[in-house]
Amino acid sequence: MPALLEVRGLSTRFTTRDGIVKAVDGVSFALEPGKTLGVVGESGSGKSVTALSMMRLVAEPQGKIVGGEVLFKGADVLKMSEREVRDMRGNRIAMIFQDPMTSLNPVFRVGRQIGESLILHKGMSRKDAFDRAVQLLDMVGIPNARDRAKDYPHQFSGGMRQRAMIAMALACDPDILIADEPTTALDVTIQAQILELIMEMQERTGTAIIIITHDLGVVADIANDVMVMYAGRQVEYGESRHVFGDSLHPYTWGLLDSLPRHDSDEKGELVPIEGQPPSLINVPYGCAFHPRCPYAEEICRSEVPPLLATDTGHLSACHFSADPAFRRGMDRDQERVALK
Amino acid sequence: MTDHREERPNPRSGVPTDVGGHETRDEATTLPVLPGDLHAVTGLSSRTLWGDAWRRLRRNKLAIIGLIWIVAVVLMTVSADLWVAPLFGDPLTVDTTPGASLQSPSLEHPFGTDKLGRDVFARVVYGARVSLTVGVLAVSISLAIGLMLGALSGYYGRFVDTLVMRSADVFFAFPYILFAIALIAVLGPSYRNVFIAIGILGWPSIARVFRSSILSVKENEYVDAARAMGASDFRIMFRHIMPNAIAPIIVYGTMSIGGAIITEAALSFLGMGVQPPTPSWGLMLSDAKSLMFRAPWLTIWPGFAILTTVLAFVLMGDGLRDALDVKMKE
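Criteria and thresholds
Residues numbered from 1 in each chain as written. Chains lettered and ligands numbered in written order. Predicted model: local features only at pLDDT ≥ 70, side-chain atom pairs only at ≥ 80, totals over all residues. Heavy atoms only, no water. Helix = DSSP H or I, 4+ residues; strand = E, 2+ residues; numbered from the N terminus. Buried < 20%, exposed > 50% of the residue type's maximum accessible area, 1.4 Å probe, protein only. Contact = heavy atoms within 4.5 Å. Areas by Shrake-Rupley, 256 points an atom, 1.4 Å probe, with all protein chains shown as cover. Phe/Tyr/Trp six-rings, centres within 6.5 Å; stacked < 30°, edge-to-face > 60°. Pairing = 2+ DSSP bridges. Axes fitted to C-alpha atoms, helices over the stretch in contact; angles between N-to-C directions. pLDDT = per-residue confidence, 0-100. 1 Å grid on protein atoms, 1.4 Å probe; cavity = no way out; pocket = protein on both sides within 12 Å on 5 of 7 lines; lining within 4 Å. Points joined across faces, edges and corners; volume = space filled by probe spheres on them. Nonpolar A, V, L, I, M, F, W, Y, C, P; charged D, E, K, R; others polar. Patch = residues over 30% accessible without salt bridge, like charges linked within 9 Å, V, L, I, M, F, W, Y side chains within 5 Å. Salt bridge = Lys/Arg side-chain N within 4 Å of Asp/Glu carboxyl O. Disulfide = S-S within 2.5 Å. Core = buried A, V, L, I, M, F, W, Y, C linked by side-chain atoms within 4.5 Å.

Here the focus is the overall build of chain B. Looking only at helices and strands, one finds 15 helices and zero strands in chain B. Per-residue burial over chain B gives 47% buried out of 330 residues. Within chain B, contacts between residues at least 6 apart in sequence are counted, and of these 70% link residues at least 24 apart. Surface summary for chain B: the accessible area is close to 16100 Å², and the carbon and sulfur share equals 68%.

Here it is as structure tokens:
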């Protein structure tokens, strides 16, 4: 199947007073229709900027997409006219933002707001758009949708607002839905419901999803493919089962180890990744992860590791990924303690 | 959020057990899911932001006193032609009969008469016309210029922002009343030129307030969401940013009317504003200053009128500030 979206070597930079921030540095990935891609990484690893760059929403003039291609159905989004991009946004590629408390405009009724993209893109009348908004609200599980559509956002709870945001994003039946940390601002109990809803909507509408999160658990559950980002670069990318079952990159190991485990009885200690993510102005020379990597050697400090593929098409940017002895067969927790 | 709870029936006792029949997802635990009919009863779904603001404003006694005073003054001035002249005499007709001038307050002339024998009450009422018109028109002019420039400045930033804000600084650099006098000296002293001058001088503050308001609204995620939805600059500006940024302007504009009334009075007092014989509060004070001790009512009443009216606008503006602030839900 041809890729619905193909991103090649995307690079975005921000000019700040302190210097140039390489927020996204040569990121490539592909998304097939109806599939789900999870983008994982710490705060400031460039996940959100990657998504914003794809929709050309990076705030200019500070932010600038300096290179790469974003091919949506074969057309390069980065070369489109402002008008074409506007026609695409919300219509073909829609986005859900992190904080549902602030992503709905407080002065518009929820139904109006959901209908707006229909008026904008589908040329519907206000009445038709409102009726459709009611249907959508009903679909995302808001009870009494017709009444609730007349409410203002402040009358909705956080979970309901995120539902409304999802309804809004799905209004035009987009090909791609980008969810930027859709559950981060929600209560834990509601997070699962929202994820379930997103998955359910995907089944119904067949939209492809890019889900951005720092929660590996979220990604493991729902993503077909996973891309792990660090300091604006992708460090590991492949099918979900490979990335989680057979992780190649020490950073991914670190992420996995720092997760609390519920599946075993023993109270294992959480192992945090030592240190802080680097400033994107002064990205460490060589492998960006080397100052925090317990396995770092001379080559890591001097050479940028290439993104190497295994025979399963699983990519990893670590000098040692190709070494089978390095990859598996050791209890990583134990070994890290020994190294300290 | 407490005021919500006052009006909302207790989820445990007020709502019939029907709640359980609805989809009990997260909402059931965080917010009572009201059955449709109850919705209609509480009027919850018909609540608007402006309705909320009005509710909060109504609870503010000072603001309501201000509002009542403004409405009373407006009604009095609008209907003045009907009752003032027959009851108290024409505010412009000079009465030269001996003893007609400088009468102290009496039943016939409740505020007394001035040195030309004109009824002070009639003049104060007609003076309100000048004050209110100048106040409202001046602020309208300031708003027209200030909102446009403030919006451009806040939304587009960069070069436009620098240009507009530095021009505003230039305006701020001049002593306000001197600048007004200079403008009127060029335009010529007249009723119309007073509000034009005050209006022109008022725009920088409005532009600044609106600009900063837009800058803060612009940072909201719903603006990004609107852009991600494919809305154009124009649509984002007018539909998403403006309605959220306008509250401080309503407050500031209301207070500015009071300020404009004071400036008009000051200019008229200095002889650069409304020209005699048109009654204006400032002009009346100016005429009365030499008679301040012989006929104190000549200064007291126009002074009182200025004080109360300006105060009413300021109180009203202050009340609006609290009422329009969504976060101030006690």
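On to the packing of aromatic side chains, then. Residues and elements named next belong to chain A. Applying the stated criterion across every chain yields a total of eleven aromatic pairs over all chains. Considering the side-chain rings of Tyr-230 and Phe-289, the 5.1 Å spacing of their centres and the 80° angle between planes classify their relative orientation as edge-to-face. Highlighted residues: Tyr-230 in strand 9 (residues 225-230) and Phe-289 in the loop between helix 10 (250-257) and helix 11 (298-302), separated in sequence by 59 residues. Considered together, Tyr-230 and Phe-289 belong to a single accessibility category, that of buried residues.

Before going further, it helps to spend a moment on unusual backbone geometry. All names here are of chain A. One non-glycine residue, Asn-144, lies in positive phi territory at about 55°. Relative to the helices and strands, Asn-144 resides in the loop between helix 4 (126-139) and helix 5 (145-148). The class of Asn-144 is partly exposed, set by a relative accessible area of 23%. Here the phi dihedral of Asp-173 falls at roughly 55°; this positive angle occurs in a residue that is not glycine.

Let's shift gears to the sheet that holds strand 4 (residues 63-72) of chain A. Residues and elements named next belong to chain A. Spatially, 2-1-4-5 is the arrangement adopted by the four strands of the open sheet, whose pairing is antiparallel. In this open sheet, the two edge strands, each paired with only one partner strand, are strand 2 (19-31) and strand 5 (75-76). Contacts from helix 1 (residues 47-54) reach strand 1 (5-16), strand 2 and strand 4, with the element oriented near 110° to strand 1.

Take the confidence of the model for chain B next. Mean pLDDT for chain B: 77, with 83% of residues reaching 70 or above. Low confidence marks residues 1-46 of chain B, where pLDDT is under 50. Its contacts with residues over four positions away, or in another chain, come to 69 contacts.

The next point concerns the layout of surface pockets. Counted as a void, the largest pocket has a volume near 1500 Å³. By residue class, the composition of the lining of the largest pocket is 16 nonpolar, ten polar and 16 charged.

As a further point, take a nonpolar patch on the surface. Residue and element names in this part refer to chain B. Together, Tyr-176, Ile-177, Leu-178, Phe-269 and Leu-270 line one region of the surface with nonpolar side chains, adding up to about 450 Å² of accessible area. Counting residues per element, the nonpolar patch draws most heavily on helix 9 (residues 176-187), which supplies three residues. With respect to the helices, strands and loops of the structure, Leu-270 is situated in the loop between helix 13 (247-269) and helix 14 (281-288).

Turning next to the sheet that holds strand 9 of chain A. All names here are of chain A. With respect to topology, eight strands assemble into an open sheet ordered 6-7-8-3-9-10-12-11, the strand pairing being mixed. Strands with a single pairing partner mark the edges of an open sheet, and in this sheet they are strand 6 (93-96) and strand 11 (308-309). Strand direction decides the pairing type here: strand 3 (residues 36-40) and strand 9, joined by four bridges, are parallel. From the neighbouring strand, Leu-37 faces strand 9, where its bridge partner is Asp-225. Most of the contacts of helix 1 go to strand 8 (residues 208-213), to which it runs at about 145°, and overall it touches strand 3, strand 6, strand 7 (176-180), strand 8 and strand 9. Each of strand 3, strand 9 and strand 10 (233-239) is contacted by helix 10, which is oriented at about 100° to strand 9, the strand it contacts most.

What follows covers the state of the cysteines. Residues and elements named next belong to chain A. Applying the stated criterion across every chain, the model contains zero disulfides over all chains. For the unlinked cysteine Cys-293, the closest cysteine sulfur is that of Cys-300, found at 6.1 Å. Judged by relative accessible area, which is 15%, Cys-293 ranks as buried. Between Cys-300, a cysteine without a disulfide, and Cys-287, which holds the nearest cysteine sulfur, the sulfur-to-sulfur distance is 5.9 Å. Overall, Cys-300 belongs to the buried group, its relative accessible area being 6%.

We now examine the pattern of salt bridges. Residue and element names in this part refer to chain A. Following the criterion strictly, the structure yields 21 salt bridges over all chains and no others. Across the pair Glu-6 and Arg-8 runs a salt bridge whose closest N-O atoms are separated by 3.2 Å. Taking the relative accessible area as the measure of exposure, Glu-6 reaches 27% and is therefore partly exposed. The salt bridge partner of Glu-239 is Arg-241, with a shortest N-O separation of 3.0 Å. By relative accessible area, Arg-241 is classed as exposed at 58%.

This part covers the pairing of strand 1 of chain A. All names here are of chain A. Relative to strand 4, strand 1 runs antiparallel, the two sharing eight bridges. Bridging across to strand 4, Leu-5 finds its partner in Phe-72. Bridge count for strand 1 against strand 2 is nine bridges, and the pairing is antiparallel. Across the sheet, Glu-6 pairs through a bridge with Ala-30, a residue of strand 2. From the end of strand 1 to the start of strand 2, which pair antiparallel, there are two residues.

Here we come to the environment of Gly-271 of chain B. Along the chain, the position of Gly-271 of chain B falls in the loop between helix 13 and helix 14. For the pair Gly-271 of chain B and Asp-287 of chain B, spaced 16 residues apart in sequence, the C-alpha to C-alpha distance is 10.0 Å.

Before going further, it helps to spend a moment on the confidence of the model for chain A. Model confidence for chain A is summarised by a mean pLDDT of 83, while 92% of its residues fall at 70 or above. When the criterion is pLDDT under 50, residues 328-340 of chain A qualifies, and its contacts beyond four places in sequence or with other chains add up to 20 contacts.

Counting residues in hydrophobic clusters, the biggest one holds 63 residues, and the most contacted among them are Leu-5, Phe-29, Met-54, Ile-176, Ile-178 and Ile-210 of chain A. The element contributing the most residues to this core is strand 2 of chain A, with six residues. When sequence neighbours within four positions are dropped, the list of residues in contact with Met-54 of chain A reads Leu-5, Val-7, Leu-10, Phe-29, Val-70, Val-77, Met-88, Ile-178 and Ile-210 of chain A. One finds Ala-53, Val-84, Phe-88 and Leu-267 of chain B within the second-largest nonpolar core, a separate group that totals 56 residues.

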